[in-house]
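Residues per chain are reported as follows:
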Amino acid sequence: GQSLEQPSEVTAVEGAIVQINCTYQTSGFYGLSWYQQHDGGAPTFLSYNALDGLEETGRFSSFLSRSDSYGYLLLQELQMKDSASYFCAVSARSNDYKLSFGAGTTVTVRA
Amino acid sequence: ETGVTQSPTHLIKTRGQQVTLRCSSQSGHNTVSWYQQALGQGPQFIFQYYREEENGRGNFPPRFSGLQFPNYSSELNVNALELDDSALYLCASSLAVTGGLGEQFFGPGTRLTVL
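Since we're looking at a predicted model, the values are computed, not measured. (Residues numbered from 1 in each chain as written. Chains lettered and ligands numbered in written order. Predicted model: local features only at pLDDT ≥ 70, side-chain atom pairs only at ≥ 80, totals over all residues. Heavy atoms only, no water.)

Undergrad: What is the right way to read the sheet that holds strand S8 (residues 74-78) of chain B from this model?
TA: What holds strands together in a sheet is hydrogen bonding between their backbones, with the strands either parallel or antiparallel. All names here are of chain B. Taking strand neighbours across the sheet as the criterion, the four strands line up as S1-S3-S8-S7 in an open arrangement whose pairing is antiparallel. Unpaired on one side and paired on the other, strand S1 (5-7) and strand S7 (64-68) mark the two borders of the sheet. Across the sheet, the mean angle from the axis of one strand to that of its neighbour is 20°, orientation sign disregarded. Bridge analysis of strand S3 (residues 19-24) against S8 gives five bridges, and the strand direction is antiparallel. Bridge pairing in S8 links Cys-23 to Ser-74. (Pairing = 2+ DSSP bridges. Helix = DSSP H or I, 4+ residues; strand = E, 2+ residues; numbered from the N terminus. Axes fitted to C-alpha atoms, helices over the stretch in contact; angles between N-to-C directions.)

Structure representation (structure tokens):
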């Protein structure tokens, strides 16, 4: 099976930078994805990393270290609308390349 | 291009009943995955359908079953409902080539309450 660990909650002020870490244990790792979910809404895809390094998409960046079984999502220039839950999800040979999600990190942005 | 839609949005059932949830995938997507999301948790993979065939199943009992139709829409059926089945049920569509690479498009979900 797989296990993923991410912090349960993070609070920050507008304009700040937040890093959400995700560590995983799995067999036959293929890739790490990040999703955002606003309260009561649908999860929306943010990013995907299969290779080591940083992927940047606007204010959000995602990083992967396959050797450390670790990744993070970086949220820059935080805005109130970034208050949401963020999930890392791993796809691996051991789960037939389907998505296994972590429990999520609730980010609260304060004025 | 229409997004993923699900019906109904909310549903209340009692223990032992059966329920059918429906999902229309995003235009052009031939793969549908279903997830159960309990309150405060991440989505848990139930199963996936690709071109009308089941293409992988998570750790859910056989009373969770599904169908995919030629237009790629899908149904999730749950028999003999239990209290623990109360959750948000999400479907997500993708192109088979990218579905395993993380990019899935989720619908708004069906909130099921079992009393």
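Having seen the structure, we can now continue with the description.
Undergrad: Would you mind going over the environment of B:Pro8 with me for this structure?
TA: Residues and elements named next belong to chain B. Along the chain, the position of Pro-8 falls in the loop between S1 and strand S2 (10-13). When the C-alpha atoms of Pro-8 and Glu-53 are compared, they prove to be 24 Å apart, with 45 residues separating the residues in sequence. Not counting residues up to four positions away in its chain, the partners in contact with Pro-8 are Leu-21, Gly-109 and Thr-110. (Contact = heavy atoms within 4.5 Å.)

Undergrad: What is the right way to look at the state of the cysteines in this model?
TA: Residues and elements named next belong to chain A. One pass over the full model with this rule turns up two disulfides over all chains. Between the sulfur of Cys-22 and that of Cys-88 lies a disulfide, 2.2 Å long from S to S. Residues Cys-22 and Cys-88 are joined through a disulfide that is right-handed, its torsion about the S-S bond being 75°. Of this pair, Cys-22 sits in strand S3 (residues 18-25) while Cys-88 sits in strand S9 (residues 84-92); the two residues are 66 residues apart in sequence, bridging distant segments of the chain. (Disulfide = S-S within 2.5 Å.)

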